[in-house]
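What follows is each chain in one-letter form.
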Amino acid sequence: MIGDKILLAHGDGGLLTHELISNLFLRHFENSILKTMSDAATLPLEIEKGRLVVTTDSFVIKPIFFPGGDIGKLAVCGTVNDLAVSGAVPRYLTASFILEEGLPLADLEKILTSMAEAARMAGVTIIAGDTKVVERGNADKIFVNTTGVGLVPEGVELGYHRVEEGDVVILNGNIGEHGLAVVSRREGLEFESDIISDCTCLNSITQDLLFQYKGIKLMRDPTRGGVATTVKEIALATNKDIFLFEDRIPISDEVRWAAEMLGLDPLYLANEGKFIAVVSPQEAPDIVAALRRLPQGQQASIIGEVKKGQGNVFLKTSLGATKLIDMLAGEQLPRIC
Amino acid sequence: MELLQRFKDPKLGQRILERLQQKISRPLNFMEVCGTHTVAISRSGIRELLKGKLRLKSGPGCPVCVTDTGDIDKMIGLARLPGVIVTTFGDMMRVPGSRSSLVQERANGDVRVVYSALDAVAIAEANPDKTVIFLGVGFETTVPAVALCLEEVVRKNLKNFLLYSAHKVVPPALETLLQDPEVKIDGFLLPGHVCTILGRKTFEFLSQKYNVPAVIGGFEPVDILAALDALVDMVAAGKAQVLNRYSRAVREEGNPLAQAIMQKYFDLVDVKWRGIGIIPRSGLKLKAEYARYDAEEQYLLEESTVEAVPGCSCGEILKGKMEPPECPLFAYICTPLKPVGPCMVSSEGACAAYYKYERRRSKN
């Protein structure tokens, strides 16, 4: 391949585009469907039972490499997790790339490697894609869009309509790790920190749980906006109040101290390997116990309760006060002093 | 870390809280003079749990909130200059000036959020054909770091770095409040971070000249409750002293190195505080010998005459005469997404803290 950086010609449909696709994309994402290089992928799906679900998401992140992952891993895990918390078994992904002229090919290759690895771990196949190149300055290195297709097995039905008063809210582990891992590597804010992103695909856990526990009524992944925003969305959609207990929300000391130093509230920091589940109170202890046996669920905890109400979220502080929790209003900005 | 954990211990906090609830015989007005305290008090629920016993008022302790509209307008004027990169802390971006804000100006000019003044110096080095202006906003906690950057700029002989100094110092603001007969304060919770620089002794004028007790407090719930406990005891005993309950960070004389570098670069001048007015010798201006680094000296900046938005009570809130929910605009017209006044903009502003942590009901 000519040169070591992305050129505009890599996106013109000519020889360089062909080289880029065959030498990089096909090599990393090799599978029989993609290999046909057709205009559209034909999916060997037979849907007699269950339902087909589709989701799409675009990933823009700065920096593109961060402790615990990169934009490629994030693009696979993010879409797989959207399918997973919908109750689906993720099957196929498409991947579109907008590349900025000048992006080192080595960086692209690193990103494709981690996408392929994440897809393999999640058991999904990348079956179609697209590449565009824009002039230097017109994008921030690389943007990735992934679309995911999955199947919700018969008998699995998650939704706001199933949430009832008395249900409890479960979280599978420590909050805020992705958000702080990314912030810690932002330009101008590099500080000594061992915090790594929790970025991971959750479908193996969610599939097992849904198979075993019919009392799981709703799942959401608290990504941008964090746990607070996601729980508020659940409260609004169900028109019920949710009470969260500050001392039960799992958080590592590292995240707590770093967030305090920066003036950020961990409840609003992004997560990429976490899910919130609303479950029946009877099954909740077993679900937490089951989660705690898994590497991604060791800090799993019941963090709240659903009560009668009008879409409010309240946080019971460890001193015993009750605070109203809202969605994130604007971006969280580090404080001055 | 383990040491700090004790200051978060909810059981210890609850014990002090119960003691406080029992021993306060009449409602007292205490003022915290630090945005970080305001947020910590709101977030932990201390204000709510002591309601009816203590009124914890938020004073002029958020540097963004006390930056005058005229200063913001001048900053906006700088952002409109050709060939200029304006650098600022994130909190400043949305503060409304009389006609615009820096976030609006970013769409046309080059306005960048930085996390420290050092970042601005790096931007100046990377852009020798542009003039990089750092908007200096903050109290004694921030100023030494900015002075260190200036030291770097002078050493490297950087010719394209300017500072717009809206820095302020805390003690004169407390004096101004105490001279206002309408302001009723039974005691001060003094700003731990600022005291780290200035030391305990600097604040002795509060007890000696004004007979008002004050306690320097840290920022964990137990720190704050212990400081309030000491204030309550002093009021009950009719004693006025300045006590240090943040001795793990604050010394009698403060940090002499930080004080020295501030004095090397800055002179004390009379400046206007948003909502309060002119406070003598409360602003920090670059010394005449460093005028070549002073954005205000290098550009003729238009003085704005427009006053704050009608109805906005930030001034009264900063003086402790009103609490955020008493402002008619609070949470209806003025919200973090569409702030009218600076107390709602800054993450450390009293209105933002009340909006985020102390509203009674949500507007879905």
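Only a predicted model underlies this, so the values are computations on that prediction, with no experimental measurement involved. Numbers given to residues run from 1 along each chain, matching the order in which its sequence is written. Think of it this way: whatever chain is written first is A, whatever ligand is written first is 1, and the rest follow in order. Where local features are concerned, this predicted model is filtered to residues with pLDDT of at least 70; where side-chain atom pairs are given and counted, the filter is 80 or more; whole-chain, interface and lining totals use all residues. The side-chain quantities take in all heavy atoms of the structure and omit both hydrogens and water.

A. Quick peek at the overall build of chain B. Each helix is a run of DSSP H or I of at least 4 residues and each strand a run of E of at least 2, with the numbering of both proceeding from the N terminus. On a plain count of helices and strands, chain B comes out with 17 helices and eleven strands. Expected size for 364 residues packed as a compact globule is a radius of gyration near 21 Å; at 21 Å, chain B falls within 12% of this value. Partly exposed residues are those whose accessible area sits between 20% and 50% of the maximum for their type, while under 20% is buried and over 50% is exposed, using a 1.4 Å probe and protein chains only. Per-residue burial for chain B yields a buried fraction of 59% across its 364 residues. Put simply, of all contacts in chain B between residues at least 6 apart along the chain, 77% involve residues at least 24 apart. Computed with a 1.4 Å probe, the accessible areas rest on the Shrake-Rupley method; for each residue, only the protein chains presented here act as cover. Looking at chain B as shown, the accessible area adds up to about 15200 Å², and 52% of this sits on carbon and sulfur atoms. For chain B, the distance from the average position of its 47 positive side-chain charges to the average position of its 42 negative side-chain charges is 4 Å. Each radius of gyration reported is based on C-alpha atoms, and the globular scaling rule is 2.2 Å times the count of residues to the power 0.38. Residues are treated as being in contact if the distance between any of their heavy atoms lies within 4.5 Å. Residues scored as charged are limited to Lys and Arg (positive) and Asp and Glu (negative), so that His and the chain ends carry no count. All charge positions are set by atom: Lys at NZ, Arg at CZ, Asp at CG, Glu at CD.

B. Spotlight on the packing of aromatic side chains. To pair, rings of Phe, Tyr and Trp, with the six-membered ring standing in for Trp, must have centres within 6.5 Å; the planes then decide the type, stacked if under 30 degrees apart, edge-to-face if over 60, and tilted in the middle. By the definition in use, this model includes nine aromatic pairs over all chains. For the ring pair Phe139(B) and Trp273(B), a centre distance of 6.1 Å and an interplane angle of 20 degrees mean the geometry is stacked. Remark: Trp273(B) occurs in strand 10 (residues 266-273) and Phe139(B) occurs in the loop between strand 5 (131-136) and helix 8 (143-156); sequence separation between them is 134 residues. Arranged with centres 6.4 Å apart and planes meeting at 75 degrees, the rings of Phe330(B) and Tyr355(B) form a pair that is edge-to-face. Separated by 25 residues along the polypeptide, Phe330(B) in the loop between helix 15 (314-318) and helix 16 (342-345) and Tyr355(B) in helix 17 (residues 350-357) bring together distant segments of the chain. An identical accessibility class is assigned to Phe330(B) and Tyr355(B); each is buried. Placement of a positive charge over a ring is assigned whenever Lys NZ or Arg CZ falls within 6 Å of the ring centre and within 35 degrees of the normal to the ring plane. Against the face of Phe65(A) rests Lys110(A), its NZ or CZ located 4.3 Å from the ring centre.

C. Just the UniProt feature "domain: PurM-like N-terminal" (unreviewed entry) in chain A, in detail. UniProt positions are given in the numbering used here, feature names are shortened, and annotations may be inferred rather than shown by experiment. Residues annotated by UniProt as "domain: PurM-like N-terminal" (unreviewed entry) correspond here to residues 39-152 of chain A. Segment residues 39-152 of chain A splits into 28% helix and 40% strand. End C-alpha atoms: 27 Å apart.

D. Here's a closer look at the nonpolar core. The term nonpolar core refers to a set of buried residues drawn from Ala, Val, Leu, Ile, Met, Phe, Trp, Tyr and Cys, joined through side-chain atoms within 4.5 Å. Ile133(B), Tyr164(B), Leu174(B), Phe188(B), Leu190(B), Phe203(B) and Leu206(B) are the most contacted members of the largest nonpolar core, which totals 70 residues. In terms of residue count, the dominant contributor to this core is helix 5 (residues 69-79) of chain B (five residues). Start and end points for every domain follow an automatic or database-based domain assignment. Shared between two domains, this core holds at least three residues of each, these being domain 1 (1-312) and domain 2 (313-358) of chain B. In contact with Ile133(B), other than residues within four places in its own chain, are Leu78(B), Val84(B), Ile85(B), Val86(B), Thr87(B), Leu162(B), Tyr164(B), Ala295(B) and Tyr299(B). Counting 39 residues, the second-largest nonpolar core is a separate cluster that includes Ile64(A), Cys77(A), Leu108(A) and Ala122(A).

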